[in-house]
Amino acid sequence: MLKLLYHCQRLHSFNLIRDGANSRAPLLRVITSSLRCPPRPNPNLSFRVFFSSDGSDSVEAEAAGVKAVVAEPADGESDSSAAMVPAVFKPEDCLTVVALPLPHRPLFPGFYMPIYVKDPKVLAALVESRKRQAPYAGAFLVKEEPHSGSASGSATEKSISDLKGKELLNRLHEVGTLAQITSIQGEQVILIGHRRLRIAEMVDDDPLTVKVDHLKDQAYVEDDVMKATSSEVTATLRDVLKVHTLWRDQVQTYIQHIGDFTYSRLADFGAAICGGNRLQCQRVLEELDVHRRLQLTLELVKKEMEISKIQESIAKTMEEKISGEQRRYLLNEQLKAIKKELGLETDDKSALTTKFRDRIEPNKDKCPPHVLQVIEEELTKLQLLEASSSEFNVTRNYLDWLTALPWGNYSDENFDVIRAQKILDEDHYGLTDVKERILEFIAVGKLRGISQGKIICLSGPPGVGKTSIGRSIARALNRKFFRFSVGGLSDVAEIKGHRRTYIGAMPGKMVQCLKNVGTANPLVLIDEIDKLGRGHAGDPASAMLELLDPEQNANFLDHYLDVTIDLSKVLFVCTANVVEHIPNPLLDRMEVISIAGYITDEKMHIARDYLEKATHDACGIKPEQVELTDSALLSLIENYCREAGVRNLQKQIDKIYRKIALRLVRREPSVATSAPTVTATELDESRGSVDTVIGEGNLNEADSAIAFTEPTMPSGQVSCETVVGDEDHNKEESIGIGSDVLIAESEAVKTDSTAEDGLVAEVIKDREASELVEKVLVDESDLSDYVGKPVFHADRIYGQTPIGVVMGLAWTSMGGSTLYIETSQVEPGEGKGGLSLTGQLGDVMKESAQIAHTVARAILREKDPANNFFADTKLHLHVPAGATPKDGPSAGCTMITSLLSLATKKHVKKDLAMTGEVTLTGKILPIGGVKEKTIAARRSDVKTLIFPSANRRDFDELASNVKEGLDVHFVDEYGEIFELAFSD
C-alpha cells in the first residue's frame, strides 16, 4: 500500500511541474501544488511541505502550493497505523532566521548562490531547520572595513568566520534576502533568494539568529516614464547578453521570459547579472521604490555594456595583431622556401658558416693555431645543432666574437720623434715628464724596429690633463685609442669576462676593446684605477694583475673566449688621483709619472693657447669680438681658480663667454638694419683714381645716390644712414643740358655701372669686417659682473708676523697654500706648563705638536737654561681656518719655531716660510709636494724658504720660472732653522 501511495504522489508532482514549465511565468517562480491523498487517512504518516515565493503578494497567492514528501513511519508503530498529516509552512511566517554573511555580493530574489559555511554550529542549525520543515535562512552582505582597502577574498572570508554574535551583526547590512536552503553538501550550502528582509533585533548570538521584518515594494503608477525606463533596461540587457559570455549559460532559460518580467523582477535581474561592485548592488537590493530601483539598475547595465565594448575592442585588437604576425611569419617562411629552391639563399647555418669563414680568412695566416683549431671545432658543432636550440645561439655568439677579433693585425706606428713632439705640444702645454717618457718609448721602438707594450700610471689632482693626454699620446704614436673607467668597478667579470654557461654572458673589457678598435696594439686608457671597488663578485684589483703584468699579459685568458690573447703590444696608460689608494702589487707593475699641477704662468699659457680657442668655437664668438686682458686672466686664476688643474678655469672662461654671447645677441635688434652704403670718398679710394667729367654742382641722380653720412650713435650701437641728394635741384640743373650731352652721360654711366657695383660690394665687406664687429673688453674690474665675487683671498694675513706666529707651507688638493701657526700664552704660573691645540687638527698633526713642544723645551733649555717659560706657562697653539681639516707631519718645524718665538719674545724673520717634519732629536725629515708649496710661497710673496735637505733634488727639478727670486735653504737639523729664523 505504501509503495502504491508513493508512486501516485510522484506521478502527480511530475504533472504539476510539467504544467508549470509550459506557463508564461518567470522560471524562478517555484510552482508547487498540494498533493491530494487517497480518502483513507493514516495517522502514522506525515507530510513535510515546503513553500517558495518571491516578494510580490499576488504571485505568492497564485503560486502557493504544497510539495509533499512521504515520511518514514515512526518507530514503534506498525505500517498499518501510518497516516499522512499535512503541515503547511509559509515564507512570511519566517520571522526568526539564522543570519548568513555574504562576503562578496548580495543575493537577489530568484537567483541561486552557493556559499561555504565553516562554522559547525551554523551548519548544524541549517541542517536542523531543514529537518523542522523550515528550510529558510537570512542572507546579508558584509560591510567593508574602512581600513581593509582591496583585501583578498580569502582574507575577508577568514576575518568574517572569526566574528561572532554582536560583532558579526554590526558587520552586516540591515537589508538582506530570505533564502531557501536547497541543498547542503559538506560545507557548501546552495541558497535561492525569495524576498527582501530587514534585521529587527538579535535573538541568539551563536549561531547568529535575528528577528526580521519582511519588506514589500512601494506602490507605483505604471506611467510612461516607468515603461520607458524598463524598456531601456530590457534593451540594454539584450545587448549585454549578446556580447557577454559570462552569464550566457545561466540566462538562456530567461531570454524567452524577459518580456513577461514585472518591473521589480526586471530591476533585480539586471542588477544580479551585471558586474557592478557590491555596494551598488546592495543599493539596488535596499531600494523599495520600483522606479528608483530601475534607474539604479539601468546605470549598472550601462556600465556593464561599456565594459563589454572595451573588452570586445581589446580582443579584436589582439586578434588582429596575432593574425598579422602569423601572416607575416607564414609569408617569410614561404619566401625562404622559394629562395632556397631557386638557389638564391642557403639556410641559416650555411650562411653563418660562410660569414665566419670569410671573416677569418684575411687574417688566417696571422691567427694563432690554437685559435684556428677552436674556430673549426665550433663551426663543425654549429652544423650539427638545430637552429631552434639554445646551444645554437651560444655557439653562434661565441664564433661571432672569435672571428671579430683582430688576430695579428697591428697598426703602423709612428717612430718620428719630431712629429710626435709636435703633436703632443699642440694638445697640451707643460707635462714635460709625460712627453719625455713617450718620446723615449718612441725612440726605443725605432731602434729596435718594433715596440712593446708598457704600463704607465699618471697620478695627480683632478683637472691636470691626465685623461686628455692619453688621446694625444695615441695620436702621436698613430695608435687606436680606447678608454674605459674602472671607478667603482666591483665585478671581476668586467675584466675577465663571464663564463659562456651564463645567460647573457659577454667577454671582458679588453676583448671588447680589441673588437672595437680593430687592431691588436691600441692605446688603452684605464681611468680612475685608484677607485677600484671590491664586492661579492670578487676583487677586480687582483684581476687587473694579469692584465697589467708584462710577463703575463702575453697569454691573457678571458673566461668567455677561453683562448689566450696576446696583449703584450698594448700600451696601457692608467690615471689616478691618489697613488696610495692603489694596491701595492698592482702599483708595482706600473711606471708612475706624477703630474703635480700647473703654476700661474702655465695656466696663463694654457688659457691663451688652448682654453680660449676651444671656448670661441663652443660659444660661436669670433676671436676679434672679445678681448680678455692679461690682468683679468691673472685675477681669474689667482682669485677664482687656484686649484692645481685647469678644469675650473675652463668653466669660468666658458661662463664669461656665455654672458658675452647673451649681451651680443641682445644688442642685435638695436643695430641699424638699413641697406649697406658707402661714401663717395670710400669709393674713390677703392678705385685708386677716378676720371670724371662731371662738373662741380652737376651731380646726376646716380652719383648722388651713393653719397652718405654716418651720424654719431650711442656707445655700443652701429648705424648707417643714407642721405639722398635733392632731386628737384638736380632736375633744375639738368634742364639746360643738351640732348647730346645727356646721351653721352647715360652711356658712360651704363659702361661703368658693373665696375662700380663690384667696388661698392668690396667696400661694404671691408667695413663690415672692421666697423660692424663690436668688441667686448673684459678687464679685471669686470670679473665680478661675469663670474661673481672672488672665491679665494690672499693667503697672507700678516705683513710682519707677530711674536708667536710663523708661516708654514701645506699641500692641498687645490695645489698648495701657506699656513700660519699661532701660539699664545694662556696662564702663567709656577708648574702650570701645558699645551692645548685647536684648528681641527688630525691625529698626525697633534702628535707633531707634542713633539714640537718637547723639542722646543729642549732647545730653550740649551739656549737659555734659566728660562722656565714652558714649565711655568700654559700655552695655546692654533692653526687658522678651523673649518678646514688639517693633518700631516710637515708642520713640525713650524710649530717649534712658533713656540720658541713666544718663549724668547722674538719676531721671526720677515717673508720667511718653512716646512719639514721634526724628530725628537731635532732631525728634519723630507716632505712631499715641493712644487705646490713653492708655488704657494710665490703667490704669497715669500722670499725665503726652508726645506729639508732630502728635498733638494725635488726643488732642483722645478722649472726656472718657479724658482726665480727665491732664497731657499736646505737644512738637516732644527738648529739651522733657529739661526735662520731668529737672525737679525
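Residues numbered from 1 in each chain as written. Predicted model: local features only at pLDDT ≥ 70, side-chain atom pairs only at ≥ 80, totals over all residues. Heavy atoms only, no water.

Caption draft 1: Highlighting the overall build of the protein. Across its full length, the protein holds 35 helices and 26 strands. Residues counted as buried form 42% of the 984 residues belonging to the protein. On the protein, roughly 52700 Å² of surface is accessible, and the fraction owed to carbon and sulfur atoms is 52%. (Helix = DSSP H or I, 4+ residues; strand = E, 2+ residues; numbered from the N terminus. Buried < 20%, exposed > 50% of the residue type's maximum accessible area, 1.4 Å probe, protein only. Areas by Shrake-Rupley, 256 points an atom, 1.4 Å probe, with all protein chains shown as cover.)

Caption draft 2: Just the sheet that holds strand β20 (residues 834-838), in detail. Taken together, the seven strands give an open sheet; going across it, the order is β20-β21-β19-β18-β22-β25-β26, and neighbouring strands pair in mixed fashion. Unpaired on one side and paired on the other, β20 and β26 (967-971) mark the two borders of the sheet. Sheet twist, expressed as the average angle between the axes of neighbouring strands with direction ignored, equals 30°. Bridge count between strand β22 (residues 912-914) and strand β25 (residues 944-948): three bridges; the pairing is parallel. (Pairing = 2+ DSSP bridges. Axes fitted to C-alpha atoms, helices over the stretch in contact; angles between N-to-C directions.)

Caption draft 3: Highlighting the packing of helix α14 (residues 417-427) against helix α16 (residues 466-477). Running from amino to carboxyl end, α14 crosses α16 at an angle of 155°, the nearest separation of the two axes being 9 Å. Here α14 lies roughly antiparallel to α16, going by the angle between them. In the crossing of α14 with α16, the sense of the turn from one axis to the other is right-handed. Between α14 and α16, the contacting residues are Arg419, Ala420, Ile423, Leu424, Glu426 and Asp427 on the first element and Ser472, Ile473, Arg475 and Ala476 on the second. (Parallel < 35°, antiparallel > 145°, perpendicular 65-115°, else oblique. Left-handed = near helix turned anticlockwise from the far one by under 90°. Contact = heavy atoms within 4.5 Å.)

Caption draft 4: Highlighting the pairing of strand β4 (residues 175-185). With eight of eleven residues buried, β4 lies mostly within the body of the structure. Judged from the four bridges that link them, strand β3 (residues 136-141) and β4 form a sheet pairing that is antiparallel. Its bridge partner lying in β4, Ala137 is registered against Ala179. Relative to strand β5 (residues 188-205), β4 runs antiparallel, the two sharing ten bridges. Within the sheet, the bridge partner assigned to Thr177 lies in β5 and is Arg196. The antiparallel hairpin formed by β4 and β5 contains two residues in its connecting segment, where Gly186 sits at a positive phi of about 70°.

Caption draft 5: Spatial organisation of the sheet that holds strand β8 (residues 481-485). On the basis of which strands lie adjacent, the open sheet formed by five strands has the order β8-β9-β12-β7-β13 and parallel pairing. Because the sheet does not close on itself, it has two edges, and the strands there are β8 and β13 (591-594). Geometrically, the sheet is characterised by an average inter-axis angle of 20° between neighbouring strands, direction not taken into account. On the sheet, helix α15 (residues 432-448) packs against β7 (455-459), β12 (571-576) and β13 and is oriented at approximately 145° with respect to β13.

Caption draft 6: Region of interest: the packing of aromatic side chains. Per the stated rule, a full pass over the model turns up eight aromatic pairs. On the numbers, 5.8 Å between centres and 75° between planes, the contact of Tyr220 with Tyr263 is edge-to-face. Taken as a pair, Tyr220 in the loop between β6 (208-214) and α6 (224-243) and Tyr263 in helix α8 (residues 263-273) lie far apart in primary sequence, 43 residues in all. For Tyr220, a relative accessible area of 38% translates into the label partly exposed. Among the aromatic residues, ring-to-ring pairing joins Phe947, Phe955 and Phe970 into one connected group. The aromatic ring of Tyr398 is capped on one face by Arg500, whose charged end is 3.9 Å from the ring centroid. (Phe/Tyr/Trp six-rings, centres within 6.5 Å; stacked < 30°, edge-to-face > 60°. Lys NZ or Arg CZ within 6 Å of the ring centre and 35° of its normal.)

Caption draft 7: How the structure looks around the environment of Arg534. For Arg534, the location among the structural elements is in the loop between β9 (523-527) and α19 (540-548). Accessibility expressed as a relative area gives 67% for Arg534, which makes it exposed. A C-alpha to C-alpha distance of 9.0 Å links Arg534 and Val492, two positions 42 residues apart in sequence.

Caption draft 8: Quick look at the side chain of Thr403. Here Thr403 shows up in helix α13 (residues 390-404). Overall, Thr403 belongs to the buried group, its relative accessible area being 4%. From its side chain, Thr403 meets the backbone oxygen of Asp400 in a polar contact 3.4 Å long. When neighbours within four sequence positions are excluded, Thr403 is seen to be in contact with Phe356, Arg359, Ile360 and Ile375. (Polar contact = N/O pair within 3.5 Å; in protein donor to acceptor, adjacent residues only side chain to side chain.)

Caption draft 9: How the structure looks around the environment of Glu201. Its place among the elements puts Glu201 in strand β5. Relative accessible area serves as the criterion here: at 43%, Glu201 is assigned to the partly exposed category. Along the sequence, Glu201 and Val212 sit eleven residues apart, while their C-alpha atoms lie 7.2 Å from each other. Aside from chain neighbours lying at most four places away, what touches Glu201 is Val210 and Lys211.

Caption draft 10: Representation of a negative patch on the surface within the structure. A surface patch of negative charge is lined by Asp433, Glu436, Glu440, Asp956 and Glu957. Element by element, the count of residues in the negative patch is highest for α15, at three residues. Relative to the elements of secondary structure, Asp956 occurs in helix α33 (residues 952-956). (Patch = residues over 30% accessible without salt bridge, like charges linked within 9 Å, V, L, I, M, F, W, Y side chains within 5 Å. Salt bridge = Lys/Arg side-chain N within 4 Å of Asp/Glu carboxyl O. Lys, Arg positive; Asp, Glu negative; His and termini not counted. Charge placed at Lys NZ, Arg CZ, Asp CG, Glu CD.)

Caption draft 11: Inspection of the nonpolar core at higher detail. Counting residues in each nonpolar core, the largest one holds 54 residues, and the members touching the most others are Ile526, Ile529, Leu547, Leu548 and Leu561. Here this core takes six residues from α19, the largest share from any one element. In this structure Ile529 touches Val486, Met544, Leu548, Cys574, Thr575, Ala576, Ile582, Leu586 and Met590, once residues within four positions along its chain are discounted. Counting residues in hydrophobic clusters, the runner-up holds 51 residues, among them Val464, Ala474, Ile593 and Tyr598. (Core = buried A, V, L, I, M, F, W, Y, C linked by side-chain atoms within 4.5 Å.)

Caption draft 12: Here's a closer look at the side chain of Gln625. Position of Gln625 relative to the elements: it lies in the loop between α21 (600-619) and β14 (626-628). In this structure the side chain of Gln625 is engaged in a polar contact, spanning 2.9 Å, whose partner is the backbone nitrogen of Lys622.

Caption draft 13: Quick peek at the pattern of salt bridges. A full pass over the atoms with the stated rule returns 23 salt bridges. Taking the shortest distance from any N to any O, the salt bridge between Asp268 and Arg196 comes out at 2.6 Å. Taken as a pair, Asp268 in helix α8 and Arg196 in strand β5 lie far apart in primary sequence, 72 residues in all. Arg196 carries the same exposure label as Asp268, and that label is buried. As a salt-bridge pair, Arg359 and Asp400 come within 2.5 Å of each other at their nearest N and O atoms. In this pair, Arg359 is assigned in helix α11 (residues 348-360) and Asp400 in helix α13, connecting sequence segments 41 residues apart. According to the relative accessible area criterion, Arg359 is partly exposed, its value standing at 29%. Among the ionic contacts, a cluster of salt bridges with common partners joins Arg196, Asp217, Asp268 and Arg293.

Caption draft 14: Up close: unusual backbone geometry. In this structure, Asn478 is a non-glycine residue whose phi angle is positive, near 60°. Positionally, Asn478 belongs in the loop between α16 and β8. Given the relative accessible area of 42%, Asn478 is considered partly exposed. The phi dihedral of Asp941 is positive, around 60°, even though this residue is not glycine. In this fold, Asp941 is placed in the loop between α32 (930-939) and β25.

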